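Here is what each chain is made of, one letter per residue.
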Amino acid sequence: MTDTLLLPFQFPFMQNAFWIALLVAPPTALLSCFLVLKGWALMGDAVSHATLPGIVLAWILGLPLIAGAFAAGMSCALLTGYLSHNSRVKQDTVMGVVFSGMFAVGIIMYTSIETNEHLDHILFGNMLGVGPQDLWTSGLIALLVSGLLIAKWKDLLLHAFDPAQAQASGLRTGVLHYGLLAALSLTIVATLSSVGLILAVALLVTPGAIAFLTVRSFGAMLWVSALVCTASMLLGTYASFYIDSAPAATIVLILTLIFFLAFFRRIAVMRRTSRMTTEAQQ
């Protein structure tokens, strides 16, 4: 029985999958808390999809794919900010236009070149094909992004709630704003080899949403988000071995189920509190 339970850990490709899960979980979980508070959930989706043309262009030029992905992600974020500040169109509408347009450009570029490369691992990830280079890249990005978010979380929190107060307090709001966008682009680059572009948005939104429904303080929100994301990624990777499913999709499904559990628990608590208040008034 013990040998059966430990079987996934005996294969090198599964060991790498567990390692990439441990590396990717902290930065995505911490970043998701800020994206949820700022209402930037769609921004994560936009930047992840918009990296595709950068990836294809980097491949054509023989450059590192992560460099193209980062450049395209930052271009999407900056273009979205410029258009939303210089037009009457709301930011979510601008993001939808920009990321769909850049994603379409990436698809056209990919289909117009002759290559034996497959797009599936970029779109959906390939946790079972992760190599040492992917682990090093994701590990360095995770260390950088997680360290910056933890060091500056109070400043970023104030900027998320009240940018005017943050500026009046002497904080460099421009640096915080674009630093958060840079962290978002880097984190998406770190998830390319694991969950891919399409599923990356789940890691950048769901853990923070779960924590938001579960706890009240932002400090606790960061911890809960990180723990939930790490546990879900490890459990999803482990379960996928036995049910013969895609690890990334299994991870996202587990996160979604936890979100609904947290949501219905919150509803139950609110109803019980309301009932107790009514009874006390009577």
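Structure's up top.
Numbers given for residues are sequential positions, taken from 1 along each chain in its written order. Whole-chain, interface and lining totals are the exception, using all residues; otherwise, since this is a predicted model, local features are given only for residues with pLDDT of at least 70 and side-chain atom pairs are given and counted only at 80 or more. Side-chain measures were taken over the full set of non-hydrogen atoms in the model, leaving aside hydrogen atoms and water.

### So, helix H12 (residues 218-243)
Note: α-helices contain 3.6 residues per turn, so residues at a spacing of three or four share the same orientation.
Consideration 1: Helix and strand definitions here come from DSSP, where helices need a minimum of 4 consecutive H or I residues and strands a minimum of 2 consecutive E residues; each element is numbered from the N-terminal end. In this scheme, a helix's expected span is set at 1.5 Å multiplied by one less than its residue total. Here H12 contains 26 residues, and its C-alpha end-to-end distance of 36 Å stays within 8% of the 38 Å for a straight helix at 1.5 Å per residue.
Consideration 2: Inspection of H12 places Phe218, Met221, Leu222, Ser225, Ala226, Val228, Cys229, Ser232, Met233, Gly236, Thr237 and Ser240 among the buried residues, and these make up the whole buried set.
Consideration 3: Just past H12, the residue Asp244 takes up positive phi, approximately 55°. Remark: exposure states derive from per-residue accessible area (1.4 Å probe, protein chains only) relative to the maximum for the residue type, with buried under 20%, exposed over 50%, and partly exposed in between.

### Some thoughts on the packing of aromatic side chains
Consideration 1: When two rings of Phe, Tyr or Trp (its six-membered ring) have centres within 6.5 Å they constitute a pair, described as stacked for plane angles under 30 degrees, edge-to-face for angles over 60, and tilted for the intermediate range. Within the structure shown, the criterion is met by 11 aromatic pairs.
Consideration 2: Seen from their ring centres, Phe260 and Phe264 are 6.4 Å apart, and the 25° between their planes marks the pair as stacked. One end of the pair is Phe260 and the other is Phe264, both in helix H13 (residues 247-281) and 4 residues apart, which spans about a single turn.
Consideration 3: On the basis of relative accessible area, Phe264 is assigned to the exposed category, the value being 52%.
Consideration 4: Grouped by ring-pair contacts, the aromatic residues Phe9, Phe11, Phe13, Phe18, Tyr238, Phe241 and Tyr242 constitute a single cluster.

### Some thoughts on the environment of Val205
Consideration 1: The topology assignment puts Val205 in helix H11 (residues 196-214).
Consideration 2: Taking the C-alpha atoms as reference, Val205 lies 20 Å from Lys154; in sequence the two are 51 residues apart.
Consideration 3: By definition in these notes, contact holds between two residues if any of their heavy atoms fall within 4.5 Å. Among all residues touching Val205, those that are not within four sequence positions of it are Ser32, Val36 and Ala41.

Read these as layout, nothing more, since geometry by itself doesn't imply function.
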